[in-house]
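# Coordinate analysis (summary)
Below, each chain spelled out in residue letters.
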Amino acid sequence: MSKEQGCVLKAWEVTVRKTQQAKKRANNIFGTVSVAPQTDDEATATEENDDETSTNRSSIGELYNAERVLPSGDYYTGQWYDSFPHGHGKYLWTDGCMYIGEWYNGKTMGKGKFGWPSGATYEGEFKSGYMDGIGTYTGPSGDTYRGQWVMNLKHGHGIKSYANGDVYDGEWRRGLQESQGKYRWRDESYYIGEWKNGMICGKGTFIWTDGCRYDGFWDDSFPSGNGTFKWDDGSFYVGHWSQDPEEMNGTYYPSGNEENLEWDPKDVFNNLSEYKICSGERVPVLPSQKKLSVWNSSKRVEKPRRISVDGRVSVGLDRAFEKMNMWGSESGEGAADIDSTTRRDLDAEIMRLEAEGFIQSLKPSPVPMRLPRAGKKQGETISKGHRNYELMLNLQLGIRHAVGKQAAVVSLDLKHSAFDPKEKVWTRFPPEGTKYTPPHQSSEFKWKDYCPLVFRSLRKLFKVDPADYMLSICGNDALRELSSPGKSGSFFYLTNDDRYMIKTMKKSETKVLLRMLAAYYNHVRAFENTLVQFVIMGNLFCSEYSVHRRFDLKGSSLGRTTDKPESEIISNTILKDLDLNFIFRLQKAWYQEFIRQVDKDCEFLEQERIMDYSLLVGIHFREASVAGELIPSGARTPIGEFEDESAPRLSRADVDQLLSDPTRWASIRLGGNMPARAERTMRRSDCELVGEPTGEYYEVVMIFGIIDILQDYDISKKLEHAYKSIQYDPTSISAVDPRLYSRRFRDFIFKVITEDD
């Protein structure tokens, strides 16, 4: 008998004792809803059909010890619950992989040891099938890593001992050396300092075994920038270092010993080229990629069916009303006849038990979620005859001219004059062309290029290749025009490959942009993971998989809901704060990085007196049934492909491939392709910003960034705030002081995006 039925029966027992007549009918009702346990003979027959053996078999829903040979040939021995390993157990795959340790609902969870047929082992903590926590990996050739892991990646502090004798002791991020660390080569030379993406980068010191040392800045594992080379006799060389001999310059200071006079700084680069950083061994198959045989069933796995009071299967126990109908005065064989007084007493008793916590699941359950219909490709292609056809041609011609003529960025250290709004270049584009401009089919126009060196440097900081950038925007394909989703009246243009989005600006926004340009540039240099998007921005939702839900979040409630009915919402629909029905949970390391960056970005926007910005969030659901229903985490429903073949999905295997392939780790960044868990919520009132968690989780991938950063708190916004404050709660409106806006925005974002515990 289930817990839900037990609670209802308890309420019934209390009530029927009040009347002799109800007491006489008790046996009939009890006999109708109880479920007989499976007999030993039935259990044995079922297991023989599945080629399984078991010991200490108990009824469904209890923890017991089992020994099973699964249909795939895999072997499991240990604790079992319902249809999955649960507790402590050992699982042996047919390919020789083995796991011994703790399980939770069919996933490796807790402490355990995973072994590969090659002899490699991992011993430590697991979470939801991933190596996650503190653990030690030993490779087949002798590589050893001891330290912190997040979702199969070295992330945090750890010590890596390589088979060739090299050792790295320091910080890791997504599988690569990052921040501070010390690398010691087998000849005892070592580097201690800053790292970035697995390479020596930043400020650090290299010390050779002969006593020589270099102190200074590095890039791509070689000296770059200001630095000092010292000999063991006290002589030293100070200067600017670069792999380009023309950029090298410095001064040599002898200590009295003349033997270093013939020394060439290029000797340092030649010597350092012999000191390679080991890449280490690659894990061939990740533990999270190993599936249990019971997960891959082609048929839907169902719980044992129960017989209802009227002979129907699967009694509906989802709602309190349906539970009440179990005792209702329905006509038919075996039906109970409870009078209205007894029914009222029963109602009151069930309400009391629910209030005291005896009945937890009698509240209405949320309707099962489905993937929204896939929207058509966004935007209207701008072809000849379109009202903005000439504007598109002018944009493409101007950008091709401005970007194509610029030289490569030599240094990111820009002079103050580079940010002067007067630092602009005017170019005339007559239809017949000039010495510097090509002929074109549009009417004559003038192109104004503001602060060209700054924007060229920003593209470099964002790792935008100039050739790809021009090809995407200025190639043979037309742009697509989007109508503005907001109230700004701006036009949005998408490139044909969806990689970039161009937004038109009002003069007031242009002034704000030029005013904050220097601060924004310094912010991007200081925080490479900034979430703040720009005017010509990378399209957040241009990815290798489909975005199923899109949210524009501000942290305010007034007018923050879509005006479309559920039936009209598609994957392209921009939903708002009051439409959000999830709390997103990130891994600890990524969540800490997230809150640090959001704090820094909001502090920057607050200092620039910016408000009314949003966090644009895209959600990809990783698991759905063939019919398009979302599958909660841990559900046993077989995974199928979504009906719309044009909208590819990212499966768990795809995510594992992203994590296991070092060449693709760059795609998993803050705000881009971030695996997370989404917990469904339900609101108690329409104006409640964050709903109550339901405990229903979905595996998702998140994409997000801060957009609309050019609205300052000017006189129009101050008047809007004053006017709306008379009619509405001042804290619910969007137009508020930047300091209040920043605090409210962060409070809300940190409630809906939290740490996964």
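Keep in mind the model is a prediction, meaning the values are calculated, not measured.

### Things to note about the overall build of the protein
Helix and strand counts for the protein come out as 15 helices and 31 strands. The buried share of the protein, taken over its 757 residues, is 46%. Across the protein, contacts joining residues at least 24 apart in sequence account for 51% of those joining residues at least 6 apart. When the accessible surface of the protein is summed, it comes to about 38,500 Å², and 50% of that surface belongs to carbon and sulfur atoms.

### Focus on helix α9 (residues 452-461)
All buried positions along α9 are accounted for by Pro452, Val454, Arg456, Ser457, Leu458 and Arg459. Against the buried residues of α9 lie α8 (389-404), β19 (424-429), β20 (445-450), α10 (466-474) and α11 (507-526). Looking one or two places after α9, you find Lys463, whose phi comes out positive at around 60°.

### Digging into the pattern of salt bridges
For the structure shown, the criterion picks out 23 salt bridges. Linked through salt bridges whose partners overlap, the residues forming this network are Asp599, Glu606, Arg739 and Arg746.

### Topic: the pairing of strand β2 (residues 75-81)
Where strand β1 (residues 63-69) meets β2, seven bridges bridge the pair, whose relative direction is antiparallel. Bridge pairing in β2 links Tyr64 to Trp80. Two successive antiparallel strands, β1 and β2, enclose a turn made up of five residues, where Gly73 displays a positive phi of approximately 100°. When β2 meets strand β3 (residues 84-92), the two strands line up antiparallel, connected through six bridges. Bridge assignment links Tyr75 to a residue of β3, and that residue is Leu92. Count of turn residues in the β2/β3 antiparallel hairpin: two residues, of which Asp82 carries a positive phi of about 60°.

### Structural notes on α8
The terminal C-alpha atoms of α8, which comprises 16 residues, lie 22 Å apart, in line with the 22 Å expected from a rise of 1.5 Å per residue. The buried fraction of α8 is high, at 12 of 16 residues. Turning to α8, its buried residues number three or more, namely Tyr389, Met392, Leu393, Asn394, Leu395, Gln396, Leu397, Gly398, Ile399, His401, Ala402 and Val403.

### Some details on the sheet that holds strand β25 (residues 549-553)
Reading across the sheet, the seven strands line up as β26-β25-β28-β30-β29-β27-β31 and stay open at both edges, with mixed pairing between neighbours. The sheet terminates laterally at β26 (574-575) and β31 (753-755), the two strands that pair on one side only. Sheet analysis places β25 next to β26, joined by two bridges and oriented parallel. Residue pairing across strands places Phe551 opposite Leu575, the latter belonging to β26. Across the sheet, helix α12 (residues 588-607) is in contact with β27 (582-586), β29 (674-682), β30 (692-707) and β31; its angle to β31 comes to roughly 135°. Across the face of the sheet, helix α15 (residues 738-752) comes into contact with β25, β27, β28 (614-621) and β31 while running at roughly 60° to β31.

### Points about the pairing of strand β9 (residues 153-161)
Sheet analysis places strand β8 (residues 144-150) next to β9, joined by six bridges and oriented antiparallel. Its bridge partner being in β9, Val150 is matched across the sheet by Leu153. With antiparallel pairing between neighbouring strands as the criterion, β8 and β9 make up a hairpin whose turn holds two residues, including Met151 at a positive phi of roughly 50°. Counting the residues between successive antiparallel strands, the hairpin from β9 to strand β10 (residues 167-173) contains five residues, one of them, Gly165, with a positive phi of roughly 105°.

### Side note on the side chain of Asp577
Along the chain, Asp577 turns up in the loop between β26 and β27. Using a relative accessible area of 0% as the deciding quantity, one classes Asp577 as buried. Residues contacting Asp577, with those up to four places away along its chain left out, are Asp552, Leu553, Lys554, Gly555, Ser556, Arg560, Arg683, Leu689 and Phe748.

### Quick notes on the side chain of Ser442
In this structure, Ser442 sits in the loop between β19 and β20. Among the polar contacts made by the side chain of Ser442, one reaches the side chain of Asn394 at a distance of 3.0 Å. Excluding anything up to four places from it in sequence, Ser442 contacts Glu390, Leu393, Asn394 and Pro431.

### Description of the packing of α12 against α15
Running from amino to carboxyl end, α12 crosses α15 at an angle of 165°, the nearest separation of the two axes being 9 Å. Classified by the angle between their axes, α12 and α15 sit roughly antiparallel to one another. In terms of crossing hand, the pair formed by α12 and α15 is right-handed. On the side of α12, the interface is formed by Tyr591, Phe594, Ile595, Val598, Asp599, Cys602, Glu603 and Glu606, while α15 contributes Pro738, Arg739, Ser742, Phe745, Arg746, Ile749 and Phe750. Of the residues assigned to the contact of α12 with α15, the class counts are nine nonpolar, one polar and five charged.

### Comments concerning the packing of aromatic side chains
Scanning the entire structure with this criterion turns up 49 aromatic pairs. Both rings, one in Tyr183 and one in Trp195, keep their centres 6.1 Å apart while their planes meet at 40°; by these two values the pair is tilted. Of this pair, Tyr183 sits in strand β11 (residues 176-184) while Trp195 is found in strand β12 (residues 190-196), placing the two residues 12 residues apart along the sequence. Residue class for Tyr183 comes out buried when judged on its relative accessible area of 0%.

### Digging into the confidence of the model for the protein
Mean pLDDT over the protein works out to 76, with 71% of the residues at or above the 70 mark. Within the model, the stretch residues 295-338 combines pLDDT values under 50 with 80 contacts to residues more than four positions away or in other chains. Counting interchain partners and residues more than four positions distant, the pLDDT-below-50 stretch residues 636-650 has 49 contacts.

### Examining unusual backbone geometry
If you check the backbone angles, Asn152 has positive phi at about 75° while not being a glycine. By secondary structure assignment, the location of Asn152 is in the loop between β8 and β9. Exposure remark for Asn152: the relative accessible area of 6% places this residue in the buried category.

### As for the nonpolar core
Membership of the largest hydrophobic core comes to 66 residues, with the highest contact counts inside it found for Val454, Phe594, Met702, Phe704 and Ile753. If sequence neighbours within four positions are ignored, Val454 has contacts with Leu414, Ala418, Phe419, Leu517 and Tyr521. In terms of nonpolar packing, the next biggest core, distinct from the first, is built from 46 residues, Ala66, Tyr168, Tyr191 and Trp263 among them.

### Overview of a positive patch on the surface
On the surface, Lys422, Lys424, Lys448, Lys507 and Lys511 cluster together to form a positively charged patch. Positionally, Lys422 belongs in the loop between α8 and β19.

### A short note on the packing of α11 against α12
In the contact formed by α11 and α12, the axes pass within 11 Å of each other and the chain directions differ by 165°. One way to sum up the angle between α11 and α12 is to call them roughly antiparallel. Where α11 crosses over α12, the two elements pack in a sense that is right-handed. In this structure, α11 contributes Met516, Ala519, Tyr520 and His523 to the contact, and α12 contributes Gln597, Lys600, Asp601 and Phe604. Per-class residue counts for the contact of α11 with α12 are four nonpolar, two polar and two charged.

What counts, and at which threshold
Counting restarts for each chain: residues are numbered from 1 in the order of the written sequence. Where local features are concerned, this predicted model is filtered to residues with pLDDT of at least 70; where side-chain atom pairs are given and counted, the filter is 80 or more; whole-chain, interface and lining totals use all residues. Note: side-chain values were computed over all heavy atoms of the structure, leaving out hydrogens and water. Put simply, DSSP marks the helices as runs of H or I at least four residues long and the strands as runs of E at least two long, and each gets a number from the N terminus on. Relative accessibility decides the category of a residue: with a 1.4 Å probe and only protein chains considered, values under 20% of the type maximum give buried, values over 50% give exposed, and everything between is partly exposed. We call two residues in contact whenever any of their non-hydrogen atoms come within 4.5 Å of each other. Per-residue accessibility takes into account occlusion by the displayed protein chains alone, with areas from the Shrake-Rupley method and a 1.4 Å probe. Put simply, a salt bridge is a Lys or Arg side-chain nitrogen that is within 4 Å of an Asp or Glu carboxyl oxygen. Pairing between strands requires that DSSP locate at least two bridges from one strand to the other. Any helix carries an expected span of 1.5 Å times its number of residues minus one. Axes here mean lines fitted to C-alpha atoms, for a helix over just the part in contact, with angles spanning 0 to 180 degrees between N-to-C directions. N or O atoms closer than or at 3.5 Å make up a polar contact, with two conditions inside protein: a donor-capable atom paired with an acceptor-capable one, and, for residues adjacent in sequence, both atoms drawn from side chains. Roughly parallel here means an angle under 35 degrees, roughly antiparallel means over 145, roughly perpendicular means 65 to 115, and every remaining angle is called oblique. It is the rotation of the near helix from the far one that decides the hand of a crossing: anticlockwise by less than a right angle makes it left-handed, clockwise makes it right-handed. As a working rule, the residues Ala, Val, Leu, Ile, Met, Phe, Trp, Tyr, Cys and Pro are called nonpolar, Asp, Glu, Lys and Arg charged, and the rest polar, with Gly in that last group. Aromatic contacts are taken between Phe, Tyr and Trp rings whose centres are within 6.5 Å, Trp giving its six-membered ring; a plane angle under 30 degrees counts as stacked, one over 60 as edge-to-face, and the others as tilted. Per-residue confidence from the prediction method is given by pLDDT, with values spanning 0 to 100. Here the nonpolar core consists of buried residues drawn from Ala, Val, Leu, Ile, Met, Phe, Trp, Tyr and Cys, with membership extended through side-chain atoms lying within 4.5 Å. Surface patches are defined over residues having more than 30% relative accessible area and no salt bridge, joining like charges when they lie within 9 Å and nonpolar side chains (Val, Leu, Ile, Met, Phe, Trp, Tyr) when within 5 Å. Residues counted as positive are Lys and Arg, residues counted as negative are Asp and Glu, and His and the chain ends are not counted. For the purpose of locating charges, the reference atoms are NZ of Lys, CZ of Arg, CG of Asp and CD of Glu.

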